[in-house]
Amino acid sequence: MSKILDEPRYVCALGAMQTVQAINRAIPIIHAGPGCASKLAGSIAGTTGDSGYLNPQTYPCTNIGQNEVVFGGEDKLRNIIENSLKVMDGDLFVVLSGCTVEIVGDDIDQVVSEFQNEEKPVISVATAGFKGTNLQGHEWVINEIINQYLSRKPQKEVIKGLVNIWGPVPSYDPFWLGNIRELENLVRELGLTPNSIFGEFRGLENVDKVPQAEFNLLVSPWIGLENVKLLKEKFDTPYLHYPTLPIGAHETSAFLRAVGDFAGLDKKQIELIVDKHEKEYYYYLERSVDIFFENRTASKKFTTVTTAANALAVSKFLVNDLGLMPNTQFITEGVPEEYEELVSGYFKEFNYGIQANVVFSTDGYKIHAQIEKEDFAGAPLIIGSIFEKKLARKLDGNFVCISVPIKEKVILHSSYVGYHGGLKLLEDIFTSVYQSFN
Amino acid sequence: MAINLNNKVLESRESRLGSITGFSGSLSDLKEDFACGGGCVENKGRCFSQASSCPSNCALGQLSGINDAAIVQHGPSGCAATAIGISSNYDLLANALGRDRSHFAYTCTDMTEADTVFGSIDNLKEVVIETYNRYHPKVIFLGASCVSGIIGEDLEGILEDLEKKIGIPVAPIHCEGFKSQIWATGFDLAQHAILKYIVKPPKKKSNKVNIYGFTQGLSWNTRSDIKRMFDAIGVEPTYLPASATVEELEHLSEAVATVTTCSTLGSYLGIGLESTYGVPFVRALPPHGIIGFEDYARQLAKVVGKEAEMEAYIKQEREYYLPKLEKVKEQLRGKRAVIAMGPGFGTNYARILQEFGLEIQHLLAWHLDKQYDDGNKPAALKHLIKTSPNNFNYSVNDLQNYEFMNILNKAKPDVFVSRHPGSTVWAMKIGIPAYCVYDEYNSFGYKGTLRFAQTLLDIITNRSFAENLSKHVSLPYSKWWMQQKYDALYEIAEQVV
């Protein structure tokens, strides 16, 4: 059986450069070939890479060439780190290594250790492309920030009510900024203080607070589990692993109750918050029921071709909130085998004992072939990446693009998370009703 | 110097052409360099560098445009990022042109750590066969990666067997990222493969003109302008390589001429078709701006033998557009510009801005080709050196953002004109209006030139966005760096290999 990646939907571990960039004023230093950063950025984040305080064209990079392949790249790395500290205005420098230098055998830890006494922290993460995916790279970056940076600082006292939020992967989740902000809002409404390290104006200040949290909140099926376990080991911080990114009233209310319970908050207080939101949410839904249920084109069954996080979030919403039925859910980010059972278990817990078949696959061709064979009792609703657009058209189905490669809509700060996110997803799904004959 | 299609591996531009990625000086230094035979302007290394780009994305990105080709990437998943990058874009192009793209595929062997130790050539073979069975493309390109190159995977060794099994050409592309610091080497690799593995000897002459470019002139309906000009001399364009078919490529040798919108991009194919099959390569200025367009039009007409017809076309266009252009030029005169582009487009746009009466403060090239594979020097550069009214700063910089921000911050031009994704925003961050010449036909012919002049004027007139943005963002560079000379971190010459 050949190993084939057809219609790639993830990239290699070096793609974790986006995780570093997402920490305001953290600077990735790429120890790899000249094209790795631009290629990866062009794929995950759009044609230009994520511009921001940095964009990938500003990442310091050793641009490894023939010389370094033959003689090693340690001297070059030393030079680039030294000058990065002079040229770049940053707070944390993270050396990320690529395939070439790891095969050649550069002693990167040794070179990086020479900068231990610099004013600005310099750490390194082994992110050779052949070692794993960008999702694993994301976890490794956070682990090394814990190991090489946070663990070496003097420990401070726990701050009551402070909750670290983990889950959405910067850039690879196209809605990461909006999603993290919405999770923060929900946690804040409970009277807790959210702390996340990604996005605007968070930066090292929030990274530094991570060990002081009362607990870690991981909102993701599997990505980040390694990180919260490491934080437990290093700082004895308990964690709540909540697998479902909550979309819509049913899931968001469940999320608020679970977090509130874990934090030991007053149940009555939580119900007041839930009640307020559900009232507002159903006000909008009541107004639009005819759009959802009185047309000739909307779907009754759906499939997702996306990450475990998106597949779970969307299917919980569509089943438990909107009352649709799930066909097979295809999970495409290369979930490590050891997590497959855990992840597929989450798809057996819908209302009324409804279960969804889960397929882990990185082969777009086979995924599409199976979707074509399945019965949707009408127009299928396909939630996936741009690769599914043609398929949806072929099957006369409805389509919403939510994961890489997205190339379908511009996302500045929108999100599908929370009560408002559920309304937004409904808008996007049912827009197609108006775009076809009814 | 000539193109040798028997070469298994095409050397980089650095070693074939002496192209460079680091230099600081002025336009007059290049003049002297040309006078001394191309050896005076030497490459400078850097003590600090930022992520550039590699031949792989260019080579495989270009080849991905071919509608019935498939790419099999032999490397870790990240190398196949190109498949994500190009996804939907070429589909949109094919849809707009009503062309079939259902046979295209981009697959990857997804090499793992074990593969780096034991190799995975057998898996590569299986993936090639599987890709063929799924999509039935007419050619398969094997994209090498840094990993496959370093561990010594023998791509040539499997070709014969594969071609026997699937009956279509299988072409290895040696675009290992570490082999060249000049991403344009990737253009040559793509064209080398087209020439070596696809183009067939001519059976009959056609009235086709090969246009090697990036798109198909689809933006703002330029396609109809190109057609109008080609109709005037009775030829038909074959747009390459985006949305082309393998069958079209097979017949390139039958064309009446080859032209390109960018000599940095298309020279290898033009020279190769000329030296191998006698298809004339039009070495004119690219068709941008009035001077460029007229040179291109006249030289193409000369090859086709329709000079009188072209003169009639030019006369008619001039009468309609030039008076309008003069009015815009009046308002652009004396404005100052900094340009950052590839070496072909950059020299070209410097000339156009000078036609408009702007003053060039600094021209920055992503690399510098002092010659092409036929030994000729770039026409646009020769022309610029000869005609520029002033000597201005010239530097070579492979996307080194810290260098060009340093330059821009001191020059404070009225406008920054660039051509690369992710470059424009940086000028705007310090309040400088910027324009990205994204479309290769942006200033094609008289109509395009007028449009470009008007756009520049609009951008210079309404600076709101850049000014607003600049008040709210900061640069990721230290104060120390912004006060240095932009070439302060060049290695001293002795250290350069």
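Residues numbered from 1 in each chain as written. Chains lettered and ligands numbered in written order. Predicted model: local features only at pLDDT ≥ 70, side-chain atom pairs only at ≥ 80, totals over all residues.

## Details of the sheet that holds strand S8 (residues 239–242) of chain A
All names here are of chain A.
Here comes step 1: Ordered by their spatial adjacency, four strands build an open sheet running S6-S5-S7-S8, and the pairing between neighbours is parallel. Only two strands of the sheet have a single neighbouring strand rather than two, namely strand S6 (193–195) and S8. This sheet shows a mean twist of 25 degrees between the axes of neighbouring strands, independent of strand direction.
Here comes step 2: Pairing between strand S7 (residues 215–219) and S8: four bridges, direction parallel. Each bridged residue has a counterpart across the sheet, and for Leu218 the counterpart in S8 is His241.
Here comes step 3: Contacts from helix H8 (residues 176–189) reach strand S5 (162–166), S6 and S7 within the one sheet, and its direction differs from that of S5 by about 155 degrees. (Pairing = 2+ DSSP bridges. Helix = DSSP H or I, 4+ residues; strand = E, 2+ residues; numbered from the N terminus. Axes fitted to C-alpha atoms, helices over the stretch in contact; angles between N-to-C directions. Contact = placed C-beta atoms within 7 Å.)

## Focus: the confidence of the model for chain B
Residue and element names in this part refer to chain B.
Here comes step 1: Of all residues in chain B, 98% have pLDDT values of 70 or greater, and the mean over the chain is 95.
Here comes step 2: Taken as a whole, residues 493–497 scores under 50 in pLDDT and shows seven contacts with residues more than four places along the chain or in a different chain.
Here comes step 3: Interface confidence for the predicted complex, expressed as ipTM, amounts to 0.96; the pTM equals 0.96. (pLDDT = per-residue confidence, 0-100.)

## Focus: the packing of helix H14 (residues 289–304) of chain B against helix H16 (residues 343–355) of chain B
Residue and element names in this part refer to chain B.
Here comes step 1: Running from amino to carboxyl end, H14 crosses H16 at an angle of 120 degrees, the nearest separation of the two axes being 7 Å. Judged on the interaxial angle alone, H16 and H14 are oblique. In this structure, H14 contributes Gly289, Ile290, Ile291 and Gly292 to the contact, and H16 contributes Asn348, Arg351, Ile352 and Glu355.
Here comes step 2: Of the residues assigned to the contact of H14 with H16, the class counts are three nonpolar, three polar and two charged. (Parallel < 35°, antiparallel > 145°, perpendicular 65-115°, else oblique. Nonpolar A, V, L, I, M, F, W, Y, C, P; charged D, E, K, R; others polar.)

## A closer look at the nonpolar core
The tendency in soluble globular proteins is for nonpolar side chains to be buried as a group.
Here comes step 1: Within the largest apolar cluster, 283 residues are counted, with the highest numbers of intra-cluster contacts made by Ile30(A), Val94(A), Phe141(B), Ile173(B), Ala257(B) and Ile339(B).
Here comes step 2: No other element matches the nine residues that helix H13 (residues 308–321) of chain A contributes to this core.
Here comes step 3: Beyond its immediate sequence surroundings of up to four residues, Ile339(B) is in contact with Gly346(B), Tyr349(B), Ala350(B), Ile360(B), Leu363(B), Leu364(B) and Val417(B). (Core = buried A, V, L, I, M, F, W, Y, C linked by C-beta atoms within 7 Å. Buried ≥ 20, exposed ≤ 12 C-beta atoms within 10 Å, placed from the backbone.)

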